[in-house]
Amino acid sequence: MSKVSVKSPPTSKSSLEKSATSLNENDDPSTTPDFIYGGPFIKVQRPEFMDITTPINVQLQGTYKRSFAYHSLKERFPVILTKIIDYLSREGGKVKSANNASDEDIRNLIEYVVKLKNDVATNKKYDLLTVDTPEAKKWNEWILSVDSPYYFTNTWVFSECYVYRRLREGCELTKGLANFDPFEDQKIKSFTGSLEPMCVVAEKVISMMDPSDKDKRKADFITLLKLCLWSNKCDLSLSMGEQVTLGNKDIDASPSQTLIDPIQMIVDYKDKVLVDDSNKISDQVFTKAENIAKAIEANTTFKAKCSCQRLAGAPPPPVRFHVKKIPWFVSDVTPKDFNFVINQCCAATFNKVVKLPAEGDRAEGESEAPPTRTVADEALKTLGSRWAKYVDSGAFVVMCDDFWTSPHVYKDMKKYEPNLYRKLQFAAAILFKGDLNYRKLLGERNCNPCIGFEPALQGFIPAPIIAVRTVKADLICGLPKGKWEQLTRIDDRWMETGNYGVIQFCAKAEALKVSDKPCEQYGDTCKDDACLDLDIV
Ligand SMILES: O=P(O)(O)OC[C@H]1O[C@](O)(CO)[C@@H](O)[C@@H]1O
């Protein structure tokens, strides 16, 4: 079996530049240098830090001291960055030999991350990026265009994305660590620590591949959506790098542990799904899929058309995975991670006898030995091989557009990346997984939790949108009246835990208009004759 390999993009490097003035939350704005330079009578207007949660209809930001943005910038980022510093200090030898790097590279990167950590914690001004790439130049334009270029007083999503982009620059500026992934070790541990639930899920997925009737296929699709939802709990940025296994049990070799069964977890967590559009999604995707299948059988020539009726090029392949070009939010997938997962599944070795939970009222330890189950790697290896074939045949395509690692929210894609918006228009549906995607779908705006999903998207609907998200940040939409208040009364931090989820769907689609941005090739908008694929972001 040839190893799967989707290409990673090139990187480049240059020297570091320093600049900083800072506003600390305890500083009195009237005594900061800007006030003095501005002359004794020109008061510098800066957003104050307020001891409140994020107000309704404003963007998440670190100045609200009871917000998750403030907690993340003040408490979580130092932990995430300290883990990298500790790892480089402890495992520098391993990192050096794996990357053909020098002691100086390790020292420079540690120094860079220490400065970054201090800059975030003390609310320094953003530094400009100094690597000389077109993408870095775009970042500098964005940095120079924000109203308040400080970690706590700019939107949280910009500051958070900026920190991960700076981490990348720290690697790019070294000689030997240009391709080093500071989160690789944590991601590998997370994978190997999840082999048991993955083997359990693989057996279920393999069973779905047998020929079956439409109702069973739709039910299976809904099961896959819910597996996608709850696997999102395994997010290393939320856990700050601590290993998270589904079912939250330490996995050890002895059979004393009961089975970690994500399929059962879907049932157990049923009431935690606050919005469940999975039936509507399943209907929409199946209808589209059947139309495509009929068209293919009838040898239809799929044409992607501009509204000027000229061909806009061959339609895209069926399934597209939009991954991240650089290491991002700790557990986000890069092309290298995509290859790793498929190759590791193909070569998985796992075999364990686990106890099944005691049934009925028979307490554990009664005379009969509790039932057990052998969890083995066969199904996972079969699935891995099938996925490898899909990559080789082009049925799976991996893409990593710069836009996904930019600080922009999705309603601004038409402005910053209209061709990506246009590419997405071909899709039967676009599945956005995760909390950061959800924040960007909602424009990082703490909207009224009861407004519908479509209005919350603020015009970002290149194709039908599916959002599958465990709730990890303080914004949400589509809740039934009173639900938000009910959950907040029980636990006012419920939105930061990952213990609740939504599966939301907007069936509408809105192609780029000429007023948005003419098609570069044909001076008009592109429309597609047939939706061919599912985009997974
Ligand atoms: O992997 P996901 O689900 O996008 O999680 C990333 C999200 O998790 C956090 O890192 C922690 O809540 C957020 O800052 C970010 O929105």
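Note on numbering: residues in each chain are counted from 1, in written sequence order. Owing to the predicted nature of the model, reporting of local features is limited to residues with pLDDT of at least 70; listing and counting of side-chain atom pairs is limited to 80 or more, with chain, interface and lining totals taken over all residues. Computation of side-chain values: all heavy atoms of the structure, hydrogens and water removed.

For the chain, the name recorded in an unreviewed UniProt entry is Sugar phosphate phosphatase, with Danaus plexippus plexippus as its organism.

Draft legend 1. Here's a closer look at unusual backbone geometry. Positive phi outside glycine occurs at Val330, with the angle close to 65 degrees. For helices the rule is a DSSP run of H or I covering at least 4 residues; for strands it is a run of E covering at least 2, with both sets numbered from the N terminus onward. With respect to the helices, strands and loops of the structure, Val330 is situated in the loop between strand S3 (319-322) and helix H11 (335-346). For every residue, the accessible area (1.4 Å probe, protein chains only) is compared with the maximum for its type, and the residue is labelled buried under 20%, exposed over 50%, or partly exposed between those bounds. Here Val330 falls in the buried class, since its relative accessible area comes to 1%. For Gln458, which is not glycine, the phi torsion reads 50 degrees and is therefore positive.

Draft legend 2. Structural detail: the domain arrangement of the chain. For the chain, the assigned domains read domain 1 (68-180) and domain 2 (184-244 + 259-299 + 315-357 + 371-515). In this entry, domain limits derive from an automatic or database-based domain assignment. Using only C-alpha atoms to locate each centre, domain 1 and domain 2 end up separated by 27 Å. Contacts: residue pairs with any heavy atoms within 4.5 Å of one another. Taken together, the contact between domain 1 and domain 2 spans 21 residues of the former and 29 residues of the latter. Accessible area, probed at 1.4 Å, shrinks when two parts are joined; the buried area is that loss added up over both. For the pair domain 1 and domain 2, the summed buried area comes to about 2,200 Å², and 66% of that belongs to carbon and sulfur atoms. Interface area lost by domain 1 to domain 2 is led by Phe68, Val157 and Tyr164, which between them contribute 30%. When a carboxyl oxygen of Asp or Glu lies within 4 Å of a side-chain nitrogen of Lys or Arg, that pair is called a salt bridge. Counting across the interface, domain 1 meets domain 2 through two salt bridges.

Draft legend 3. Summary view of the nonpolar core. The term nonpolar core refers to a set of buried residues drawn from Ala, Val, Leu, Ile, Met, Phe, Trp, Tyr and Cys, joined through side-chain atoms within 4.5 Å. If you look at the biggest cluster of nonpolar residues, it comprises 87 residues, and the most contacted ones within it are Leu441, Phe453 and Ile465. Sort the elements by how many residues they give to this core and helix H2 (residues 68-99) lands first, with 12 residues. Each of domain 1 (68-180) and domain 2 (184-244 + 259-299 + 315-357 + 371-515) contributes no fewer than three residues to this core. With near-sequence residues (within four places) excluded, Phe453 lies in contact with Tyr438, Leu441, Leu442, Ile465, Ala467, Cys477, Gln504, Phe505 and Cys506. Counting 17 residues, the second-largest nonpolar core is a separate cluster that includes Trp230, Ile281, Ala429 and Leu534.

Draft legend 4. A look at the pairing of strand S9 (residues 501-506). For S9, the buried fraction is high: six of the six residues fall into the buried class. Burial of the side chains of S9 extends over both faces: Gly501, Ile503 and Phe505 are buried on one face and Val502, Gln504 and Cys506 on the other. We treat two strands as partners when DSSP finds at least two bridges between them. Both strand S1 (residues 273-276) and S9 contribute to a ladder of three bridges, which runs parallel. Across the sheet, residue Val275 finds its bridge partner in S9, namely Val502. Bridge count for strand S8 (residues 465-470) against S9 is six bridges, and the pairing is antiparallel.

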